[in-house]
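Descriptive structure summary
Okay, here's what each chain looks like letter by letter:
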Amino acid sequence: LLSGTQTRDRTPPAAVPTGTATLSGRVVTTDADARPLSRVLVTLAGDDLPGGRALVTDADGAFVFERLPAGRFTVTGTKPAYLPGGYGVTRPGRSPIPVQLRAGESRAGVTFALTHGAAVSGTLHDANGEAASGIRVAALRVPLPGARPVLVVTTWATTDDRGVFRLYGLVPGDYYVSSMMASGSRVSDVTAFSTAQIDEALLALQRARRDAVTMLL
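Residues numbered from 1 in each chain as written. Predicted model: local features only at pLDDT ≥ 70, side-chain atom pairs only at ≥ 80, totals over all residues. Heavy atoms only, no water.

Observations regarding the pairing of strand β11 (residues 135–141)
With respect to burial, β11 is a largely interior element, five of its seven residues being buried. Inspection of the sheet shows β11 paired to strand β12 (residues 152–158) by six bridges, in the antiparallel sense. From the neighbouring strand, V137 faces β12, where its bridge partner is A157. (Buried < 20%, exposed > 50% of the residue type's maximum accessible area, 1.4 Å probe, protein only. Helix = DSSP H or I, 4+ residues; strand = E, 2+ residues; numbered from the N terminus. Pairing = 2+ DSSP bridges.)

Written out as structure tokens, the structure reads:
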């Protein structure tokens, strides 16, 4: 028998940069009354803060990052059913505006809003008219005119025992809703769109858009 002592990696973890600056703000809705949004995951990121920091807003939509080093940071937020946003973001999909912090500075009023995303819901049935449960349903974003003709899966959900699905957090635009078999599902007669069907659907949509422009002219 061999005996010995197990050697463990005693390399200390990398030090997390700290400082004396503080950054605070709130996350609200885009409604006219700007209601506070609780349980928003707020992330602070920057070159001077490797790994970043994250926290969740309280009932008043407030957040506070303390003991920050001096540097340039972005503040972003995410919440289910809402579109990602951040400080300085005026429209969904835009980049946040960095915040410059000095050593010892206490920056308040870093407030930004999140837009509630659109949602699509429905019920899926099989060929016999029965509820199709356990089926993965995806929302595929239709490309804008002139963009590469590729459908991109934006989000997906799985149907419940009633065959009901709900896709949320969608940005404004055109979508196709497609189904696919989920792993382990016993339903075998629900068919997803084929590549040829998707290509034909895109061509039909492009023709419809051209006809609409012609009518307006």
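Some words on the confidence of the model for the protein chain
Within the protein chain, residue pLDDT values average 81, and 74% of them lie at 70 or more. Taken together, the stretch residues 182–192 has pLDDT below 50 and engages in 26 contacts with residues farther than four places along the chain or on a different chain. Segment residues 212–217 is flagged for pLDDT under 50; beyond a separation of four residues in sequence, or across chains, it makes zero contacts in the model. (pLDDT = per-residue confidence, 0-100. Contact = heavy atoms within 4.5 Å.)

Quick word on the layout of surface pockets
Size it by volume and the largest pocket reaches roughly 160 Å³. Residue lining of the largest pocket: A81, Y82, L83, P84, P92, G93, T154, T155, Y168, G169, L170 and V171, and that is the complete set. For the lining of the largest pocket, the secondary structure elements donating two or more residues are β12 and β13 (164–170). The element that contributes the greatest number of residues to the lining of the largest pocket is β13, accounting for three residues. Counted by class, the lining of the largest pocket contains eight nonpolar, four polar and no charged residues. (1 Å grid on protein atoms, 1.4 Å probe; cavity = no way out; pocket = protein on both sides within 12 Å on 5 of 7 lines; lining within 4 Å. Points joined across faces, edges and corners; volume = space filled by probe spheres on them. Nonpolar A, V, L, I, M, F, W, Y, C, P; charged D, E, K, R; others polar.)

Some remarks on the nonpolar core
Formed by 20 residues in total, the largest nonpolar core has its most connected members in L23, V27, L44, F63, L68 and V75. Where this core is concerned, the elements lending two or more residues are β1 (21–29), β2 (41–46), β4 (62–68), β5 (71–78), β7 (99–101) and β9 (112–114). Here F63 is in contact with L23, S24, G25, R26, V27, V42, L55, T57, V75, V110 and F112, once residues within four sequence places are set aside. Listed in part, the 10 residues of the second largest apolar core include A132, I135, A157 and F165. (Core = buried A, V, L, I, M, F, W, Y, C linked by side-chain atoms within 4.5 Å.)

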